[in-house]
Amino acid sequence: TQLLEQSPQFLSIQEGENLTVYCNSSSVFSSLQWYRQEPGEGPVLLVTVVTGGEVKKLKRLTFQFGDARKDSSLHITAAQPGDTGLYLCAGPPRGYSTLTFGKGTMLLVSP
Amino acid sequence: GAGVSQSPRYKVAKRGQDVALRCDPISGHVSLFWYQQALGQGPEFLTYFQNEAQLDKSGLPSDRFFAERPEGSVSTLKIQRTQQEDSAVYLCASSLGPGNQPQHFGDGTRLSIL
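Keep in mind that this is a model prediction, so the values were computed, not measured. (Residues numbered from 1 in each chain as written. Chains lettered and ligands numbered in written order. Predicted model: local features only at pLDDT ≥ 70, side-chain atom pairs only at ≥ 80, totals over all residues. Heavy atoms only, no water.)

Think of a pair of aromatic rings as described by two things: how far the centres are apart, and how the planes are tilted against each other in angle. Under the definition given, this model contains 9 aromatic pairs over all chains. Where F101(A) meets Y35(B), the ring centres are 5.4 Å apart and the plane angle is 85°; that geometry is what we call edge-to-face. With F101(A) in strand β10 (residues 100-101) and Y35(B) in strand β4 (residues 31-37), this pair bridges two chains. Y35(B) gets classed as buried once you look at its relative accessible area, which sits at 0%. Pairing F33(B) with Y48(B) gives two aromatic rings, centres 5.0 Å apart and planes at 10°, and the pair type is stacked. Of this pair, F33(B) sits in strand β4 while Y48(B) sits in strand β5 (residues 44-50); the two residues are 15 residues apart in sequence, bridging distant segments of the chain. Comparing F33(B) with Y48(B) shows no difference in burial state: the two are buried. A network of ring pairs unites the aromatic residues Y35(A), F101(A), F33(B), Y35(B), F45(B), Y48(B) and F105(B) as a single cluster. (Phe/Tyr/Trp six-rings, centres within 6.5 Å; stacked < 30°, edge-to-face > 60°. Helix = DSSP H or I, 4+ residues; strand = E, 2+ residues; numbered from the N terminus. Buried < 20%, exposed > 50% of the residue type's maximum accessible area, 1.4 Å probe, protein only.)

Looking now at the pairing of strand β9 (residues 85-91) of chain A. All names here are of chain A. Burial runs high along β9: 7 of the 7 residues are buried. Pairing of strand β4 (residues 32-37) with β9, which is carried by 5 bridges, proceeds in the antiparallel orientation. Looking across to β9, one finds that Q33 is bridged to A90. Across 3 bridges, the pairing between β9 and strand β11 (residues 105-110) is antiparallel. Considered in β11, the bridge of L86 is made with M106. Two strands pair when backbone bridges link them, and β9 and β10 are joined in this way by 2 bridges, in the antiparallel orientation. Within β10, the residue paired with A90 across the bridge is F101. (Pairing = 2+ DSSP bridges.)

Following this line, the structure appears as structure tokens:
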């Protein structure tokens, strides 16, 4: 059983479109992290959300942490080809000392 | 450099050979992690060190996999008697604090077993 479910698994859109990707769990997390990974490179941390209901913005990216701290979303406004990559959510389930990762959402933005 | 460094970047080995993958974490980072990543999938946890102590090795797929971090800095992941299903990207990450903190990743070693 995957602790963190990400959807969609794959998303192909045109430049300028908006999109939302989701990270869901039946477990409570003390925090959730979002990473982006480009081909041939390691994941790079985008943001950490800690408080239930928290919203964080990073330029055109908006991250939300659910009130119950079981889910999170990433919304991208006016996507650009440079946003292409694998988006991963990760978090430490309650009682765990390490991170568990979702399987990721592969985003392809075409010019 | 200031980031996590992994070597080699690419490794090709014949089935049955032993391989060793190296990770140089960010200086001063207490925690070090190894992950296995299949193409287009998220990283799967293998093992976790806090300084030189291996606190969690629950993700290692079999006793052919062994990791060490003898001086609390550089770590080596060794795979003995490699099999084709070991082909994957092996990522190393480090963090300043405990294991649930944000992690800094290396670019990985792509291992191909022929």
